[in-house]
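Here are the chains, one letter per residue:
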Amino acid sequence: GVDVFQGSQILAYAELEQIYSGAMREIGTKLENLDDEFQLRNKHNPIHHMECRLKSIDSTIGKLRKRNLPLSVESIRQNLYDIAGIRVICNYVTDVYAVANTLSEQSDIEVIRIKDYIRNPKPNGYRSLHVIYQVPVFLSDGPHPTPVEVQFRTSAMDYWASLEHRLRYKNSIEDAAKERHFETLRECARQLADIEDRMQQIHQEIG
Ligand code: 0O2
């Protein structure tokens, strides 16, 4: 991937990465502020923890190739929304929506796209709320509106997704066994959703 860009494209990509990490910091700080406020008001932290990552150049180029898009910095800027990514892991589903909705209402950011795999889980059982926000990053030449993909999920959803991700990229096990494990995971996703529901009720009742 790295050898695709040459000359001025290398500098342009470095500048782009810098803007994406600025955008990630902006959204990260907003989320921390909301978590602090929530804790003060409700004596409860909606956010368990967060993970931030910039997509590697190799997987960025890989994604452009897979979609038959031009291999240029401009093409990344125009077509990919998940260069900057934040995963927000919450305790309860209600926390997921509380944090996501409050962030979405902030006047300096724009919601570009929402994919609600909690209300509508993927056929394999995957659940999470994906929101693409656009936030301005202010540099010396003015504001650069920049997309950040935020994946909101509960600890149970995260636990499930980690194992499913590992299984998906595991090539050392035979197809039949892998298919069986995927089937089991589908059932686990269903049961986890049910358990979360019941625990959420206790959490709400005891306040
Ligand atoms: P990585 O390594 O996590 O970055 P997009 O390409 O994002 O514009 P897409 O693919 O429809 O469009 O996006 P979607 O459905 O919002 O999902 C993108 C990301 O969600 C994935 O990133 C994963 O992180 C996560 N995800 C989606 N579906 C699954 C799933 O079935 N299992 C698991 N474990 N994670 C999932 P990438 O780019 O695949 O990889």
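Computed from a prediction, not measured in an experiment: that's the story for all the values here. (Residues numbered from 1 in each chain as written. Predicted model: local features only at pLDDT ≥ 70, side-chain atom pairs only at ≥ 80, totals over all residues.)

**Quick word on the overall build of the protein chain**
A count of helices and strands for the protein chain gives six helices and five strands. Secondary structure elements in the protein chain, listed N-terminal to C-terminal, are α-β-α-α-β-α-β-β-β-α-α. Seen along its three principal axes, the alpha-carbon backbone of the protein chain occupies a region of about 60 × 50 × 20 Å. Out of the 207 residues in the protein chain, the part that is buried amounts to 23%. (Helix = DSSP H or I, 4+ residues; strand = E, 2+ residues; numbered from the N terminus. Buried ≥ 20, exposed ≤ 12 C-beta atoms within 10 Å, placed from the backbone.)

**Some points on the sheet that holds strand β4 (residues 129-139)**
In space, the five strands of this open sheet follow the order β1-β2-β5-β4-β3, with mixed pairing throughout. Looking along the sheet, the strands with just one partner apiece sit at the ends: β1 (47-54) and β3 (110-116). Ignoring strand direction, the axes of neighbouring strands in this sheet form an average angle of 25°. The sheet contact formed by strand β2 (residues 84-90) and strand β5 (residues 142-154) spans six bridges and is parallel. (Pairing = 2+ DSSP bridges. Axes fitted to C-alpha atoms, helices over the stretch in contact; angles between N-to-C directions.)

**Details of the packing of helix α1 (residues 8-42) against helix α4 (residues 93-104)**
One can describe the packing of α1 onto α4 by two numbers: an axis separation of 11 Å at closest approach and a directional angle of 120°. With respect to each other, α1 and α4 are oriented oblique. Crossing of α1 against α4: the hand is right-handed. Contact residues: α1 offers Lys30, Leu31 and Leu34, while α4 offers Val99, Thr102 and Leu103. The class makeup of the residues in the contact of α1 with α4 is four nonpolar, one polar and one charged. (Parallel < 35°, antiparallel > 145°, perpendicular 65-115°, else oblique. Left-handed = near helix turned anticlockwise from the far one by under 90°. Contact = placed C-beta atoms within 7 Å. Nonpolar A, V, L, I, M, F, W, Y, C, P; charged D, E, K, R; others polar.)

**Some thoughts on the site of the ligand**
Around the ligand, a shell composed of Tyr81, Asp82, Lys115, Lys122, Asn124, Tyr126, His130, Ala161, Glu164 and His165 is seen. If you tally residues by element for the shell around the ligand, the top one is helix α5 (residues 155-168), at three residues. Taken together, the residues of the shell around the ligand sort by class into three nonpolar, three polar and four charged. (Near = placed C-beta within 6 Å.)

**Overview of the confidence of the model for the protein chain**
Looking at the protein chain as a whole, its pLDDT mean stands at 95, while 99% of the residues score no less than 70. Two numbers describe this predicted complex: its pTM, 0.94, and its ipTM, 0.91. (pLDDT = per-residue confidence, 0-100.)

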